[in-house]
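If you want the building blocks of each chain, they are given just below.
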Amino acid sequence: MSTSLEYDDLSQKKKKVLDFIEDVTTHADEIQKKILAEILSKNANVEYLQRHGLNGQTDSETFKKLVPVITYEDIQNDINRIANGDASPILTSNSISNFLTSSGTSGGERKLIPATEEEFVRRSLLMSLCMPIINQFVPDLDKGKGMYLMFIKNESKTPGGIKASPALTTYYKSSHFLNRPYDPYANFTSPNETVLCLDSYQSMYSQLLCGLCQNNEVLRVGAIFASGLIRAIRFLEKKWSLLCDDIRTGTINPLITDSSVRVSVMKILKPDKDLADFIQSECSKDSWQGIITRLWPNTKYVDVIVTGTMSQYIPTLDYYSNGLPLVSTMYASSECFFGVNLNPLCKPCDVSYTLIPNMCYYEFLPVNRSNFSVHEKEKQELVDLVDVKLDQEYELVITTYAGLYRYKVGDVLKVTGFKNKAPQFSFVCRKNVILSIDSDKTDEVEIQNAIKNAVIHLVPFDAEVAEYTSYADTRTIPGHYVLYWELSLKDSTTIPHRVYEDCCLTIEESLNSVYRQGRVSDKSIGPLEIKIVEQGTFDKLMDYAISLGGSINQYKTPRCVKSVPVVELLESGVMANYFSPKCPQWVPGHKEWIINKN
């Protein structure tokens, strides 16, 4: 299948992109069959497929009969072998060029997702579709720049010498990004050097400085996640006076010590008293409502992911942007890039993604979200891309060129419509995830185990946690986890503050490495908070649920709350609150890479 779109000018690019989408969605069924046959043919001799007795067969019936539906844990040993240097064709015939580190597994470590050079080309194809689509609705985007806040994270090497890093870090450090040909749609205010700076303070500061220097050229503002853009605005609230000083004098604050960053910024930064006065005037006003449109007056839309858990940031973004369109352009994961939003100016609650049929082979497992427990019926028959039903929810299952076969991504999607024969989906949720602030994903079992570790601190005081629930509080920047605890006390012993603080820290130490990295390195998550509520608060919570029509026989205490009335009810019972006194331990690396050979 073609993985590139050649074009001579922007109008031709736009036409070719739209023609391409029309073609692949019209022939979705045939393309899916070809994709599966191509993947299985290319990888006919790999150990994994041989293990399941496929013996070079490429038809979907045999494939589905012999190859099981899996999760990451099912292939973790295979991936560990590759990470530790086994170069034999275990999962794919192509060599693994690097690993993409995805969100944490149930064991608390990041997943290692195999990637190949071919896969980069395929992903670049999907990314190239986004701007021509948007340009149908927002013209002249080639006449200015995008102020995108882009950051990299720590890169590691496995014992076998393969690089491992988050997908965006891998992309930003690749030739596909760094040596990209000039494209007015990929014209950013941030020099590459500011993006590649690992120091999050210096990277944020220098990118905002460059964005302010070019404020009249900016036509779109964005970050990957809504949380990232809000964090940038909060950073600007604290540092605008320093940024104004730099613009007024044409010099960079000495706190920016990265020499490559300083050189790249100096190519843009020039003394500009009028601009500095303008920024100072806007930022010193009492209200920061509409600050994006005030500082970057030609901004046409905000480009961020606002689906799933990111939807909690929509009101804040509306406030800062004066209600500019919030555009979610594409649907992707570390495992594969999937689809694009063909109606980018729709309301965030109406965002749907059209899955592009030649990115991978898709299957869909019908799900019932009330059945996410261990009792879920996993043996329902999976359906193909063109056979999904309108309004049904499915868990996404993929087979990729890079060696994932019938792999459950963990995303729950809902069919909202069709583009020709290709379905369109809204993102419903991550399966089992109850808490998320940034790129962290914490499930109910993990919270439960973390609390079990923490309550040991209460034992000497004859106290225990009778009930609890959790809340992702994004009213502060950065957001943080809140746990509401109702205690059972056996006597009137006073529990010292430090004990609750120890509980907070123990919980954080028990959470996965993605959460801890957000706390320690990225500073994208604030300290965890425990709020002690008065006796009877959780009874009131049950009464409230029953008043809305719930059954007292089926009522279970929710382990995560989101609705405003429920949070207000819990808050009304708070007697005391405590924060984690310091950051948890976090060290870059992946303990599961080392295979125990005993």
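None of these values were measured; they are calculated from a predicted model. What you see as residue numbers is a count from 1 along each chain, following the sequence as written. It should be noted that, the model being predicted, local features are given only for residues of pLDDT at least 70 and side-chain atom pairs only at 80 or more, the latter also being counted only at that level, while totals for whole chains, interfaces and linings use all residues. Calculated side-chain values reflect all of the structure's heavy atoms, with hydrogen atoms and water omitted.

K.L.:
What should I look at first to understand the overall build of the protein chain in this one?
P.N.:
Secondary structure elements are defined from DSSP: runs of H or I of at least 4 residues count as helices, runs of E of at least 2 residues count as strands, and each element is numbered from the N terminus. A count of helices and strands for the protein chain gives 20 helices and 22 strands. Computed over its C-alpha atoms, the radius of gyration of the protein chain comes to 25 Å, within 12% of the 25 Å expected for a compact globule of 598 residues. Each principal axis of the C-alpha atoms in the protein chain carries an extent, and together these give about 75 × 70 × 55 Å. Exposure categories follow from relative accessible area, calculated using a 1.4 Å probe and restricted to protein chains: below 20% of the type maximum is buried, above 50% is exposed, and the middle band is partly exposed. The buried share of the protein chain, taken over its 598 residues, is 54%. The contact definition used throughout considers only heavy atoms, calling two residues in contact when any of these lie within 4.5 Å. Looking at the protein chain alone, contacts between residues at least 24 apart form 69% of all its contacts between residues at least 6 apart. With an accessible surface of roughly 25,700 Å², the protein chain has 51% of that area assigned to carbon and sulfur atoms. Residues scored as positive are Lys and Arg, those scored as negative are Asp and Glu, and His as well as the terminal groups of each chain are ignored. A single reference atom marks each charge: NZ on Lys, CZ on Arg, CG on Asp, CD on Glu. Charged side chains in the protein chain number 63 positive and 73 negative. The centres of these two groups are separated by 2 Å. Here the radius of gyration uses the C-alpha set of atoms, whereas the globule reference equals 2.2 Å times the residue count to the power 0.38. All accessibility values rest on the Shrake-Rupley procedure with a 1.4 Å probe; residue burial counts only the protein chains present in the view.

K.L.:
Just checking my understanding: could you explain unusual backbone geometry for this structure?
P.N.:
Glycine aside, a negative phi is what most residues show, and trans is what most peptide bonds show. In the segment running from Ile477 into Pro478, the intervening peptide bond is cis, with an omega of 0 degrees. Checked against the element boundaries, Pro478 lands in the loop between β19 (463-473) and β20 (480-489). Phi angles above zero are rare outside glycine, and Asp140 is one such case at about 65 degrees. With respect to the element layout, Asp140 can be found in the loop between α6 (117-137) and β3 (145-149).

K.L.:
How should I be thinking about the sheet that holds strand β15 (residues 407-419) in this particular structure?
P.N.:
By way of backbone hydrogen bonds, the strands of a sheet pair with one another, either parallel or antiparallel. On the basis of which strands lie adjacent, the open sheet formed by eight strands has the order β9-β10-β11-β16-β15-β14-β12-β13 and antiparallel pairing. Looking at the sheet topology across the chains shown, the edges are occupied by β9 (330-332) and β13 (383-384). Two strands qualify as a pair provided DSSP detects at least 2 bridges between them. Where β15 lies against strand β16 (residues 422-430), eight bridges are found, and the strand directions are antiparallel. Its bridge partner lying in β16, Lys419 is registered against Ala422.

K.L.:
Would you explain the packing of aromatic side chains in this entry?
P.N.:
For any pair of aromatic rings, the description consists of the separation of the ring centres together with the inter-plane angle of the planes. Any pair of Phe, Tyr and Trp rings, taking the six-membered ring for Trp, is counted once the centres come within 6.5 Å. Such a pair is stacked with planes under 30 degrees apart, edge-to-face with planes over 60 apart, and tilted for the rest. The final tally for this structure, using the stated rule, is 18 aromatic pairs. One aromatic cluster is present, formed by Tyr331, Phe338, Tyr353, Tyr362, Phe364, Tyr394, Phe425 and Phe427 through successive ring pairs. Positioned over the ring face of Tyr401 is Arg122, at 3.8 Å from the centre of the ring. The ring of Phe63 has Arg406 lying over it, and the distance from NZ or CZ to the ring centre is 5.9 Å. In this scheme, the term charge over a ring applies when either NZ of a lysine or CZ of an arginine sits within 6 Å of the ring centre and within 35 degrees of the ring normal.

K.L.:
When you look at the sheet that holds strand β22 (residues 574-579) in this model, what are you seeing that I'm missing?
P.N.:
With respect to topology, four strands assemble into an open sheet ordered β19-β20-β21-β22, the strand pairing being mixed. The sheet terminates laterally at β19 and β22, the two strands that pair on one side only. Sheet twist, expressed as the mean angle between neighbouring strand axes with direction ignored, is 25 degrees. For β19 and β20, the ladder comprises ten bridges, and the chain directions are antiparallel. When the sheet's bridge partners are listed, Glu467 is paired in β20 with Glu486. The convention used is that axes are lines fitted to C-alpha atoms, helices contributing only their stretch in contact, and that angles between N-to-C directions extend from 0 to 180 degrees.

K.L.:
I'm lost on the environment of Lys173 in this one. Help?
P.N.:
Assignment of secondary structure puts Lys173 in the loop between α7 (167-172) and α8 (175-178). Considering only alpha carbons, one finds Lys173 and Leu382, 209 residues apart in sequence, at a separation of 37 Å. Those residues in contact with Lys173 that sit more than four places away from it in its chain are Ile152, Glu155, Leu178 and Leu196.

K.L.:
Mind showing me how you'd approach helix α5 (residues 72-83) here?
P.N.:
Quick reminder: α-helices carry 3.6 residues per turn. Residues three or four places apart thus point the same way. Tyr72, Ile75, Gln76, Asp78, Ile79, Asn80, Ile82 and Ala83 are the residues of α5 that are buried. Backbone geometry just downstream of α5 places Gly85 in the positive-phi region, at approximately 110 degrees.

K.L.:
Honestly, the side chain of Asp473 in this entry has me stumped. Any pointers?
P.N.:
Here Asp473 is to be found in strand β19. You can call Asp473 buried: its relative accessible area is 5%. Excluding its chain neighbours within four sequence positions, the residues that come into contact with Asp473 are Ile437, Gly479, His480 and Val482.

K.L.:
Looking at this structure, how should I read the state of the cysteines?
P.N.:
By definition, a disulfide links the sulfur atoms of two cysteine residues through a covalent bond. The definition used for a disulfide is geometric: two cysteine sulfur atoms within 2.5 Å. Counted by the stated rule, this structure contains zero disulfides. Sulfur of Cys349: no disulfide; nearest cysteine sulfur belongs to Cys346 and is 7.9 Å away.

K.L.:
Looking at this model, I keep getting lost on the pairing of β19. Mind explaining?
P.N.:
Side chains on a regular strand alternate between the two faces of the sheet. Most of β19 is tucked away: eight of the eleven residues are buried. Taking the residues between adjacent antiparallel strands as the criterion, β19 and β20 are bridged by six residues.

K.L.:
I'm lost on the pairing of β15 in this one. Help?
P.N.:
Both strand β14 (residues 393-399) and β15 contribute to a ladder of five bridges, which runs antiparallel. Across the sheet, the residue bridging to Ile398 is Tyr407, located in β15. Here β15 folds back onto β16, and the loop between the two strands holds two residues, one of which, Asn420, carries a positive phi near 55 degrees.

K.L.:
Even after reading the chapter, I still don't get the packing of helix α1 (residues 10-26) against α6, so can you show me in this structure?
P.N.:
How two helices pack is summed up by the angle between their axes together with the distance between the axes. Remark: α1 packs on α6, axes separated minimally by 9 Å, with the N-to-C direction vectors making an angle of 110 degrees. Regarding the angle of α1 to α6, the classification is roughly perpendicular. Relative to α6, α1 is oriented so that their crossing is left-handed. For the pair formed by α1 and α6, the contact residues are Lys13, Lys14, Val17, Leu18, Phe20 and Ile21 on the first element and Leu125, Ser128, Leu129, Pro132, Ile133, Asn135 and Gln136 on the second. Note on angle classes: values under 35 degrees are labelled roughly parallel, values over 145 roughly antiparallel, values of 65 to 115 roughly perpendicular, and the remainder oblique. Two helices crossing with the near one rotated counterclockwise from the far one by less than a right angle form a left-handed crossing, whereas a clockwise rotation gives a right-handed crossing.

K.L.:
For this particular structure, what's the right way to read helix α13 (residues 273-283)?
P.N.:
Within the sequence span of α13, burial applies to Leu275, Ala276, Ile279, Glu282 and Cys283. Projected down its long axis, α13 shows its buried positions confined to an angular sector of 135 degrees, all on one face. Turned more than 90 degrees away from the buried face of α13, the exposed residues are Lys273 and Asp274. The inward-facing, buried residues of α13 contact α10 (200-213), α11 (226-249) and α14 (291-295). By the criterion applied in these results, polar contacts are pairs of N or O atoms within 3.5 Å in which, for protein atoms, one can donate a hydrogen and the other can accept it, and in which residues neighboring in sequence qualify only through two side-chain atoms. Its side-chain oxygen placed 3.4 Å from the backbone nitrogen of Asp274, Asp272 serves as the N-cap of α13. In this description, the arc belongs to the directions extending from the helix axis to the C-beta atoms.

K.L.:
Would you take a moment to explain the nonpolar core for this structure?
P.N.:
One recurring pattern in soluble globular proteins is that nonpolar side chains are buried together. Membership of the largest hydrophobic core comes to 79 residues, with the highest contact counts inside it found for Leu229, Leu236, Ile292, Leu458, Trp485, Ile507 and Ile530. Looking at which element gives the most residues to this core, the answer is α11, with eleven residues. Setting aside chain neighbours within four positions, we find Ile292 in contact with Val221, Leu229, Ile233, Thr299, Val302, Tyr320 and Ser321. The next biggest cluster of nonpolar side chains, apart from the first, holds 68 residues, and it includes Val67, Ile82, Leu91 and Leu342. Residues enter a nonpolar core if they are buried and are Ala, Val, Leu, Ile, Met, Phe, Trp, Tyr or Cys, with the set joined through side-chain atoms within 4.5 Å.

K.L.:
I would appreciate a short explanation of the pattern of salt bridges in the present structure.
P.N.:
Any two side chains of opposite charge can pair, on the condition that their charged atoms come close. Any carboxyl oxygen of Asp or Glu that lies within 4 Å of a side-chain nitrogen of Lys or Arg is treated as forming a salt bridge with it. The full count for this structure, using the stated rule, is 31 salt bridges. With a shortest N-O distance of 2.9 Å, Asp78 and Arg51 are connected by a salt bridge. Remark: Arg51 occurs in helix α3 (residues 47-51) and Asp78 occurs in helix α5; sequence separation between them is 27 residues. For Arg51, a relative accessible area of 43% puts it in the partly exposed group. Notably, a salt bridge pairs Glu395 with Lys408, separated by 3.9 Å at the nearest N-O pair. Separated by 13 residues along the polypeptide, Glu395 in strand β14 and Lys408 in strand β15 bring together distant segments of the chain. For the pair shown, Glu395 and Lys408 are each scored as buried.

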